[in-house]
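The lines below spell out each chain.
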Amino acid sequence: MERIKVLYYIDSLGRGGAETQAVDVCRNADRFGIDITFVTARGGPLESAVIESGVEYLKLDRRLPLDLYLASQIRKIIKERDIRIAHGYQAVEGVHLYMATRGLKDVKRVLSFQGFVPDRKNRLSLKYLIPRMHANLSVSEGLRKWLSEYDGLDTQTNFSVLFNGADPERLKPSGHSVRNELGFDENVLVFGMVANFYVDPRKDQLTICRALPAVFERLPNAQFIFAGGIEPGAEDKMADCLSVCIENGIADRVHFLGSRADIPDILAALNVFVFSSLQEGLPVAVTEAMLTGVPLIVSGIDPLLEATANGEYGKVFPVGDHKKLAELMIELGSNDKERRELGVRAKDFADENFSIDAHLQRLMKIYAGLLKK
């Protein structure tokens, strides 16, 4: 197998989908003939995970939004290590990689798109960058459609779809019991969602909270877990959820755990995974739930329909419809056999489409194809 030298530039290493995906790639790249040099400008919570993966790890410093010195440092690294692919995940990374590789004819530029574009500045940057990338990768066809229709981006130029892929090894529980932590006995039926509270209209925890009174009335042994941090400025969204729970007298059965590093342990505690969302790329949280065999209920936006094959591998409710969501939660929560069968079928589908091996097999073909041009 001919090995390919790739530079990954991830500006900061928070616990987002792009960063988690990059870490999983680092952990498994060697098996697929990819030698990674990983560059970051800010570090973050996942820094230790990158280091532990065994790839070469270099921490630089970005002092300006457009930092010419940083780009020159990256260019030096690329030339010294004979890097053939330079890969980023957002506009700031794409801009610096473009500056770092201009004139280097043997280096191919790749930019991944994980979700919608948050502001006008990033949209303008991406309009400039997309035709200057050798490959643009969208995590779902639904996201590609969104980027075209709502963000006004050219998603035909050098664009292809590459599903996210999670590492099953990373998803193994540590042995810590979240059920014991929360005082749940074996008869408790646990629903849960893993997602941060964001300022922009992305996740939709409020619809779940509005569904829960009806669910708890029909399923007296049910509890709900929300795992995820609060982005600065999104405190009101969390407060709205708490208000609904308090007003309906269910606050003792709804558990807001905040940001957690033990997601595999949380998934192991769940009977049903619920993901209510307004806009997505292809959420890592959903594919992780599928890979661990947790049956799921998702809102009917295009990327989630894509992830569940139009509802074949997960229950789907109309976006924002808390009454239909409650019906599905009650239906699935009341039927042990259906939950088991749905979880098994979803896992089989996810192993084939959303595992790290499936991701890297496709990514290696994309890289190899670029180097032949």
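Up top you'll find the structure we're talking about.
Predicted, not measured: the structure shown is a model, and the values here were computed from it.

Caption draft 1: Seen up close, the overall build of the protein chain. The number of helices and strands found in the protein chain is 15 helices and 13 strands. Its C-alpha atoms give the protein chain a radius of gyration of 21 Å, near enough to 21 Å, the size a compact globule of 373 residues would have. Taken along its principal axes, the extent of the C-alpha atoms in the protein chain is 65 × 40 × 35 Å. Contacts spanning at least 24 positions in sequence make up 72% of the contacts within the protein chain whose residues lie at least 6 apart. As displayed, the protein chain has an accessible area near 16300 Å², and 48% of this comes from carbon and sulfur atoms. Mean positive and mean negative side-chain charge positions of the protein chain (47 and 51 charges, respectively) differ by 7 Å.

Caption draft 2: Broad picture of the pairing of strand 10 (residues 254-258). Two strands pair when backbone bridges link them, and strand 9 (residues 222-227) and strand 10 are joined in this way by four bridges, in the parallel orientation. Across the sheet, Phe-226 pairs through a bridge with Phe-256, a residue of strand 10. In this region the chain leaves strand 9, passes through helix 9 (residues 235-247) and returns to the parallel neighbour strand 10; the handedness of that crossover is right-handed.

Caption draft 3: Main features of the sheet that holds strand 5 (residues 108-113). Spatial ordering of the open sheet is given by 3-2-1-4-5-6-7, a layout of seven strands whose pairing is parallel. A single partner strand is all that each edge strand has here, and the edge strands are strand 3 (56-59) and strand 7 (159-161). On average, each strand axis in the sheet is inclined to that of its neighbour by 25°, with strand direction left out of account. Sheet topology places strand 2 (residues 34-40) next to strand 3; four bridges connect them, and they run parallel. Residue Thr-37 lies in a different strand from strand 3, and its bridge partner there is Glu-56. Taken strand by strand, helix 4 (residues 91-101) contacts strand 1 (4-10), strand 4 (85-88) and strand 5, and its axis lies near 130° from that of strand 1. The strands touched by helix 15 (residues 356-372) within the sheet are strand 1, strand 2, strand 4, strand 5, strand 6 (135-138) and strand 7, with strand 1 carrying the most contacts at an inclination of about 110°.

Caption draft 4: Spatial organisation of the packing of aromatic side chains. Within the structure shown, the criterion is met by 12 aromatic pairs. Connected via pairs of aromatic rings, a cluster forms that spans Phe-163, Tyr-313, Phe-349 and Phe-354. The ring of Tyr-128 carries the charged tip of Arg-132 above its face, separated from the ring centre by 3.8 Å. For the cation-ring pair, Arg-202 lies above Tyr-198, with the distance from its terminal atom to the ring centre recorded as 3.7 Å.

Caption draft 5: Examining the pattern of salt bridges more closely. Counted by the stated rule, this structure contains 26 salt bridges. A salt bridge links Glu-331 to Lys-315, with the shortest nitrogen-to-oxygen separation between them at 2.9 Å. Placement of Glu-331 in helix 13 (residues 322-333) and of Lys-315 in strand 13 (residues 315-317) is noted, with a sequence separation of 16 residues between them. In this structure, the salt-bridge partner of Asp-351 is Lys-347, at a minimum N-O distance of 3.0 Å. You can see Asp-351 and its partner Lys-347 sitting in helix 14 (residues 336-353), four residues apart, about one turn around the helix.

Caption draft 6: The arrangement of the packing of helix 4 against helix 5 (residues 120-129) in detail. Helix 5 packs onto helix 4 with a crossing angle of 40° between their chain directions and a minimal axis gap of 9 Å. Between helix 4 and helix 5, the crossing angle belongs to the class labelled oblique. Here the hand of the crossing between helix 4 and helix 5 comes out left-handed. Within the contact between the two elements, helix 4 uses Ala-91, Gly-94, Val-95 and Tyr-98 and helix 5 uses Asn-122, Ser-125, Leu-126, Tyr-128 and Leu-129. Residue classes in the contact of helix 4 with helix 5 are distributed as six nonpolar, three polar and no charged.

Conventions and cut-offs
- Residues numbered from 1 in each chain as written.
- Predicted model: local features only at pLDDT ≥ 70, side-chain atom pairs only at ≥ 80, totals over all residues.
- Heavy atoms only, no water.
- Helix = DSSP H or I, 4+ residues; strand = E, 2+ residues; numbered from the N terminus.
- Rg over C-alpha atoms; globule rule 2.2 N^0.38 Å.
- Contact = heavy atoms within 4.5 Å.
- Areas by Shrake-Rupley, 256 points an atom, 1.4 Å probe, with all protein chains shown as cover.
- Lys, Arg positive; Asp, Glu negative; His and termini not counted.
- Charge placed at Lys NZ, Arg CZ, Asp CG, Glu CD.
- Pairing = 2+ DSSP bridges.
- Right-handed = clockwise from strand over helix to strand, strands pointing away.
- Axes fitted to C-alpha atoms, helices over the stretch in contact; angles between N-to-C directions.
- Phe/Tyr/Trp six-rings, centres within 6.5 Å; stacked < 30°, edge-to-face > 60°.
- Lys NZ or Arg CZ within 6 Å of the ring centre and 35° of its normal.
- Salt bridge = Lys/Arg side-chain N within 4 Å of Asp/Glu carboxyl O.
- Parallel < 35°, antiparallel > 145°, perpendicular 65-115°, else oblique.
- Left-handed = near helix turned anticlockwise from the far one by under 90°.
- Nonpolar A, V, L, I, M, F, W, Y, C, P; charged D, E, K, R; others polar.

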